[in-house]
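Results of the structural survey
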Amino acid sequence: FNIVKQFAAEKARAEQELMPLSTRYLGVAGSPANYIFVRWVAQMTAVELHTVWERFVESRLVAALNASPAVFLKTHSVLGVTRIPKGLALYIVRGGRRFLEVRSTRELQSKAVDLVGEVANPFSALTKTDVQYLDCLAAIRNYVVHGSDAGAAAYRANLKKCYGIT
């Protein structure tokens, strides 16, 4: 399976998942609806948007490792193998856990370099601004979902850094 076609399919799937989120949010934003309802819609939209990003990231890493396993195989001294099946690639990307866990976009980029090298890293083209917005989205998601003091502090810091909101 051609890696370019696989990446294009993953992108198209993610874009399809984003359409109803945009429609839902734009349907209530700026409306005279109850503020609490509009806020809830905005919060759930941010949570779902981050979920789409997480799935996209995981599938891109799995596809990259499946297509370009040389760095991983060499780093881990795996001999006699030239490819990593998709299921094993998923296990490796998740680190043996049930889900991919990265705390920031920079950590994601570093993990990708460790797995597939700089050349095959599907996230190397992210700009500093992209990274800032993605990390802000993660902070919003974490605050909405967990509501912890640490989440609130990260939320406020990211809103100030990205949008100048204090």
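The structure under discussion appears in the preceding block.
Attention in this report is confined to the structure presented alongside it. As the structure is a prediction and not an experimental result, all values here were calculated from the model. (Residues numbered from 1 in each chain as written. Predicted model: local features only at pLDDT ≥ 70, side-chain atom pairs only at ≥ 80, totals over all residues. Heavy atoms only, no water.)

Digging into the environment of Ala112
Put simply, the rule is: Secondary structure elements are defined from DSSP: runs of H or I of at least 4 residues count as helices, runs of E of at least 2 residues count as strands, and each element is numbered from the N terminus.
In this fold, Ala112 is placed in helix H5 (residues 105-120). Linking Ala112 and Val78, residues 34 residues apart in sequence, is a C-alpha distance of 18 Å.

Side note on the side chain of Thr105
As a reminder of what qualifies: Here the term buried applies to any residue with accessible area under 20% of the maximum for its type, exposed to any over 50%, and partly exposed to those in between, with areas from a 1.4 Å probe on protein chains only. Any pair of N or O atoms that falls within 3.5 Å is considered a polar contact. Within protein, one atom must be able to donate a hydrogen and the other to accept it, and sequence-neighbouring residues count only if both atoms are side-chain atoms. We call two residues in contact when some of their heavy atoms are within 4.5 Å.
With respect to the secondary-structure elements, Thr105 resides in helix H5. For Thr105, a relative accessible area of 4% gives the class buried. At 2.7 Å, the side chain of Thr105 forms a polar contact with the side chain of Asp135. The contacts of Thr105, once residues within four sequence positions are left out, are Leu126, Val131, Leu134 and Asp135.

Thoughts on the packing of H5 against helix H6 (residues 128-146)
In plain terms, the rule: Axes, fitted as lines to C-alpha atoms, cover a helix only where it is in contact. Angles between the N-to-C directions of the axes lie from 0 to 180 degrees. For this classification, the nonpolar set comprises Ala, Val, Leu, Ile, Met, Phe, Trp, Tyr, Cys and Pro, the charged set comprises Asp, Glu, Lys and Arg, and every other residue, Gly included, is treated as polar.
It is at 9 Å that the axes of H5 and H6 come closest, and there the two elements cross at 115°. Contacts between H5 and H6 involve Thr105, Arg106 and Gln109 from the first element and Lys128, Val131, Leu134 and Asp135 from the second. Class assignment of the residues belonging to the contact of H5 with H6 gives a composition of two nonpolar, two polar and three charged.

Let's talk about the pattern of salt bridges
Under the convention used in this document: Each reported salt bridge corresponds to a side-chain nitrogen of Lys or Arg within 4 Å of a carboxyl oxygen of Asp or Glu.
Counted by the stated rule, this structure contains seven salt bridges. Between Arg13 and Glu10 there is a salt bridge whose closest N-O contact spans 3.2 Å. Here Arg13 and its partner Glu10 are both found in helix H1 (residues 3-28), three residues apart, which amounts to about one turn of the helix. The class of Arg13 is partly exposed, set by a relative accessible area of 29%. Residue classification places Glu10 among the buried residues on the basis of a relative accessible area of 16%. With a closest N to O distance of 3.7 Å, Arg97 and Glu101 form a salt bridge. The class for Glu101 is partly exposed, based on a relative accessible area of 33%. Each member of the salt-bridge network shares a partner with another, and the members are Glu10, Arg13, Glu17 and Arg55.

That is the geometry; function is a separate question.
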